[in-house]
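# Residue-level structural notes
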Amino acid sequence: KDFKSDQEVRWCPGCGDYVVLNTVQSFLPTLGLKRENIVFVSGIGCSSRFPYYLNTYGMHSIHGRAPAIATGLATTRPDLSVWVVTGDGDALSIGGNHLIHALRRNVNIKILLFNNRIYGLTKGQYSPTSDPGTITKSTPMGSVDTPFNPISLALGAEASFVGRALDSDKKGLTEVLTAAAQHRGSALVEIYQNCPIFNDGAFDVLKDKDEAAHRIIPLRAGEPIRFGPEGEYGVVPNRWGGFEIAKVAEVGESELIVHDPAIEDTAYAFGLSRIGDQHLNHTPTGIFRQVSRPTYDDQARAQVEQARSAKPADLQALLTGKDTWTVD
Ligand code: SF4
């Protein structure tokens, strides 16, 4: 199946969005779904042009509100695979509230968060993920904001699936997207995406082979968490209940954490998310958390069905907790 639309793609030359689009277009056929059963809902921003370029249903919706629209779709149409495409400005600033509540509710939607650490569409203002000190048109003396860590934020909102990948890493991104698609519930996938016009090279240290070996910490379920050109570094518990980096030769292999994204306690995945810092010195990639819990849409539909099939007398008791109607 061809998931490319006939629309001309209108991103700047070299934009990381092209690579993500290409990966999504190649990955969608593997889901075995009909095009008409897939919907991409976006907000406002460069990445939010995404739905135009896919030969599926799509909606270029309201700034920050894509999760709300997707919630309605997922709840009323369980036959659809519902995806949200959003950016760091759209999702974490004006849409912050919608994002955290969609994750908290565990609505069956998949959220792709394109994080380029800048507002691209409005031509280069700092965003909620920009580095402190970033000089932009709206922060001429440097940003004084503390940025969000989107992975930590999602975990704090009880997200049942949280992953991260690089725009340029087609294999890694495909793996995370595939797992997200198969997950029942809200999935947040943060994608580090280069904006060559307003924040070029923000993730270059993770794309240089030698640098990446020292910085990227691949999370593989069932395997000890280690990295480095020779796998000489690993992740171990620290005294505050989180994790830190250690030399394997000094602590011993048996001390390394064996990654398990199915751990229920969010403290585990949260601890992994805090290993990384804004300067990308250490950057875990892959799936941080993937746990099973009831979805909002399944439960809402079950309640509607229960109310629909109830006899009038039972319905009164169901909706009011009383045997007879009363007027307050
Ligand atoms: Fe891509 Fe940046 Fe251009 Fe937007 S402004 S299309 S993010 S390169």
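In what follows, the structure referred to is the one given above.
In what follows, the accompanying structure is described. (Residues numbered from 1 in each chain as written. Predicted model: local features only at pLDDT ≥ 70, side-chain atom pairs only at ≥ 80, totals over all residues. Heavy atoms only, no water.)

### Some points on the environment of Gly133
The cut-off we apply is this: Helix and strand assignments follow DSSP, with helices taken as H or I runs no shorter than four residues and strands as E runs no shorter than two, numbered in order from the N terminus. For the exposure calls, accessible area comes from a 1.4 Å probe over protein chains only, and a residue counts as buried if that area is under 20% of its type's maximum, exposed if over 50%, partly exposed in between. Contact definition: two residues touch when any of their heavy atoms are within 4.5 Å.
Here Gly133 shows up in the loop between strand S4 (110-115) and helix H5 (150-156). Of the residues examined, Gly133 reaches a relative accessible area of 41% and is grouped as partly exposed. With near-sequence residues (within four places) excluded, Gly133 lies in contact with Gly142 and Ser143.

### Brief notes about the site of the ligand
What counts is decided by this rule: Nearness of a residue to a molecule or strand requires only that one of the residue's heavy atoms be within 4 Å of it. Under the scheme applied here, ten amino acids are nonpolar (Ala, Val, Leu, Ile, Met, Phe, Trp, Tyr, Cys and Pro), four are charged (Asp, Glu, Lys and Arg), and all others, including Gly, are polar.
Close to the ligand lie Trp11, Cys12, Cys15, Cys46, Asn116, Gly120, Gln193, Cys195, Pro196, Ile197 and Phe198. The residue makeup of the shell around the ligand, split by class, is 8 nonpolar, 3 polar and no charged.

### What about the sheet that holds strand S9 (residues 233-237)?
For the record, the criterion: Pairing between two strands is assigned when DSSP locates at least 2 bridges connecting them.
Taken in spatial order, the 3 strands line up as S8-S9-S10 in an open sheet, and their pairing is antiparallel. The open sheet has two free edges, formed respectively by strand S8 (226-227) and strand S10 (243-247), since each of these has just one partner strand. Pairing between S9 and S10: 5 bridges, direction antiparallel. Looking at the pairing, Pro237 lines up with Phe243 of S10.

### Brief notes about the environment of Leu315
Inspection of the secondary structure puts Leu315 in helix H11 (residues 312-320). Relative accessible area serves as the criterion here: at 23%, Leu315 is assigned to the partly exposed category. Leu315 has contacts with Ala307 and Ala310, leaving out every residue within four places of it along the chain.

### A few points about the side chain of Thr75
Cut-off, in case you're wondering: In the analysis that follows, any N or O atom pair within 3.5 Å is treated as a polar contact, provided that within protein one partner can donate a hydrogen and the other can accept it, and provided that, for residues neighboring in sequence, both atoms belong to side chains.
Among the secondary structure elements, Thr75 is positioned in helix H2 (residues 66-76). In this structure the side chain of Thr75 is engaged in a polar contact, spanning 2.6 Å, whose partner is the backbone oxygen of Thr71. Leaving out residues up to four positions away in the same chain, Thr75 has contacts with Tyr296, Asp297, Ala300 and Arg301.

### A few points about the nonpolar core
Defined as follows: Buried Ala, Val, Leu, Ile, Met, Phe, Trp, Tyr and Cys residues form a nonpolar core when they are joined through side-chain atoms within 4.5 Å.
Core analysis: the biggest nonpolar cluster contains 36 residues, and Leu103, Ile109, Ile225, Val235 and Leu272 have the highest contact counts within it. In this view, Ile109 contacts Pro67, Ala70, Ala74, Val82, Val84, Ala102, Gly185, Ser186 and Ala187; residues no more than four positions away in its chain are not counted. Residues Leu28, Phe50, Phe114 and Ala180 belong to the second largest nonpolar core, which totals 28 residues.

### A word on the sheet that holds strand S3 (residues 81-87)
Convention followed: For every element, the axis is a line fit to its C-alpha atoms; helices are fit only across the contacting stretch, and the angle between N-to-C directions ranges from 0 to 180 degrees.
Spatially, 8 strands are ordered S2-S1-S3-S4-S6-S5-S11-S7 in an open sheet, and the strand pairing comes out mixed. In this open sheet, the two strands that pair with only one neighbour each are strand S2 (57-60) and strand S7 (216-219). Strand-to-strand twist in this sheet, taken as the mean axis angle between neighbours without regard to direction, amounts to 20°. As judged from the 6 bridges shared by S4 and strand S6 (residues 187-192), these two strands associate in the parallel manner. Bridge pairing in S6 links Asn115 to Tyr192. Set on the sheet, helix H9 (residues 266-273) makes contact with S7 and strand S11 (283-290); between it and S11 the angle comes to about 165°.

### Points about a negative patch on the surface
How we decide: Patch members must show over 30% relative accessible area and no salt bridge, and they are joined within 9 Å when carrying like charges or within 5 Å when they are nonpolar side chains of Val, Leu, Ile, Met, Phe, Trp or Tyr. Computed with a 1.4 Å probe, the accessible areas rest on the Shrake-Rupley method; for each residue, only the protein chains presented here act as cover. Salt bridges are identified by distance alone: a Lys or Arg side-chain nitrogen within 4 Å of an Asp or Glu carboxyl oxygen. As used throughout, the charge tally considers Lys and Arg to be positive and Asp and Glu to be negative, leaving His and the chain termini uncounted. A single reference atom marks each charge: NZ on Lys, CZ on Arg, CG on Asp, CD on Glu.
On the surface, Asp200, Asp204, Asp208 and Asp210 cluster together into a patch of negative charge. With respect to the helices and strands, Asp204 occurs in the loop between S6 and helix H7 (209-215).

### Things to note about the pattern of salt bridges
Inspection of the entire model under this criterion finds 12 salt bridges. Between Asp131 and Arg117 there is a salt bridge, with the nearest N and O atoms lying 3.7 Å from each other. With Asp131 in the loop between S4 and H5 and Arg117 in the loop between S4 and H5, this pair connects stretches of sequence that are 14 residues apart. In this structure, Asp297 and Arg301 form a salt bridge, with 3.5 Å as the shortest nitrogen-oxygen distance.

### Overview of the pairing of S11
Counting buried positions along S11 yields 7 of 8 residues, so the element is predominantly enclosed. Strand direction decides the pairing type here: strand S5 (residues 161-166) and S11, joined by 4 bridges, are antiparallel. Each residue of the ladder has a partner; that of Val162, found in S11, is Arg289. Note: S7 against S11, 4 bridges, orientation parallel. Residue pairing across strands places Pro218 opposite Thr285, the latter belonging to S11.

### Some remarks on helix H1 (residues 16-27)
The condition that has to hold: Multiplying one less than the number of residues by 1.5 Å gives the expected span of a helix.
Taking 1.5 Å of rise per residue, the 12 residues of H1 would be expected to cover 16 Å, and the 17 Å separating its terminal C-alpha atoms lies within 8% of that figure. Burial in H1 covers these residues: Gly16, Asp17, Val20, Leu21, Thr23, Val24, Gln25 and Phe27.

### Topic: the packing of H1 against helix H6 (residues 170-182)
Threshold: Angles below 35 degrees are treated as roughly parallel, those above 145 as roughly antiparallel, those between 65 and 115 as roughly perpendicular, and all remaining angles as oblique. Helix crossings fall into two classes, left-handed where the near helix is turned counterclockwise from the far one by less than a right angle and right-handed where it is turned clockwise.
H6 packs onto H1 with a crossing angle of 50° between their chain directions and a minimal axis gap of 10 Å. Put simply, H1 runs oblique to H6. Pair H1 / H6 crosses with right-handed handedness. Of the residues in H6, those in contact with Val20, Asn22, Thr23, Val24, Ser26 and Phe27 of H1 are Lys170, Leu173, Thr174, Leu177, Thr178 and Ala181.

Just geometry here; none of it tells us what the structure is for.
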